[in-house]
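# What the coordinates show
This is what each chain is made of:
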Amino acid sequence: MTTWMIEYTYDDQDAARDEHRPAHRAYLATLADAGSMPAYGRFTDEGPAGALLVARAGTKGAVEDMVRADPFVKAGLVAEYRIREWPAVWEQR
């Protein structure tokens, strides 16, 4: 399984994202439960509004499918996203 980094960039549609946030979070939780999305969260620094998601999938196409099914993306609430392969090293304890 390959690890992928997905970066979402948001625009000024905060109220609409607030409305769709419960469905967005439920969707990501479903992916997390399946082992496909081990980490996700919004940026809280002073940079551009957005989020970082970490996915596990066999192909970039599978990650694209995950992104396209996200309620935020389906509602047009992600201005831009990028997917990059990320050969992460996970510390084992």
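Residues numbered from 1 in each chain as written. Predicted model: local features only at pLDDT ≥ 70, side-chain atom pairs only at ≥ 80, totals over all residues. Heavy atoms only, no water.

Looking at the largest pocket, its volume works out to about 310 Å³. As for the largest pocket, its lining consists of 20 residues, of which Tyr 10, Gly 41, Arg 42, Gly 50 and Ala 51 are closest to the centre. Broken down by secondary-structure element, the contributors of at least two residues to the lining of the largest pocket are helix H1 (14-33), strand E2 (39-42) and strand E3 (50-57). Examining the composition of the lining of the largest pocket, we find that six residues originate from one element, H1, more than from any other. Residue composition of the lining of the largest pocket, grouped by class: ten nonpolar, four polar and six charged. (1 Å grid on protein atoms, 1.4 Å probe; cavity = no way out; pocket = protein on both sides within 12 Å on 5 of 7 lines; lining within 4 Å. Points joined across faces, edges and corners; volume = space filled by probe spheres on them. Helix = DSSP H or I, 4+ residues; strand = E, 2+ residues; numbered from the N terminus. Nonpolar A, V, L, I, M, F, W, Y, C, P; charged D, E, K, R; others polar.)

This paragraph deals with helix H2 (residues 60-69). Along H2, the positions that sit buried rather than exposed are Val 63, Met 66 and Val 67. Looking straight down H2, one finds that the buried residues subtend no more than 95° of arc, so they occupy a single side. (Buried < 20%, exposed > 50% of the residue type's maximum accessible area, 1.4 Å probe, protein only. Arc of directions from axis to C-beta.)

With respect to the helices and strands, Thr 3 occurs in strand E1 (residues 2-9). Under the relative-accessibility criterion, Thr 3 is labelled buried at 8%. In contact with Thr 3, other than residues within four places in its own chain, are Val 54, Ala 55, Arg 56, Arg 84, Glu 85, Trp 86, Ala 88 and Trp 90. (Contact = heavy atoms within 4.5 Å.)

Let us look at the sheet that holds E1. Taking strand neighbours across the sheet as the criterion, the four strands line up as E2-E3-E1-E4 in an open arrangement whose pairing is antiparallel. The two strands at the open ends of the sheet, each matched to only one other strand, are E2 and strand E4 (80-85). Each strand axis lies, on average, 15° off the axis of its neighbour in the sheet, ignoring direction. Sheet analysis places E1 next to E3, joined by eight bridges and oriented antiparallel. Residue pairing across strands places Trp 4 opposite Ala 55, the latter belonging to E3. Docked against the sheet, H1 engages E1, E2 and E3, running at close to 160° with respect to E2. Lying over the sheet, H2 contacts E1, E3 and E4, oriented at roughly 150° with respect to E4. (Pairing = 2+ DSSP bridges. Axes fitted to C-alpha atoms, helices over the stretch in contact; angles between N-to-C directions.)

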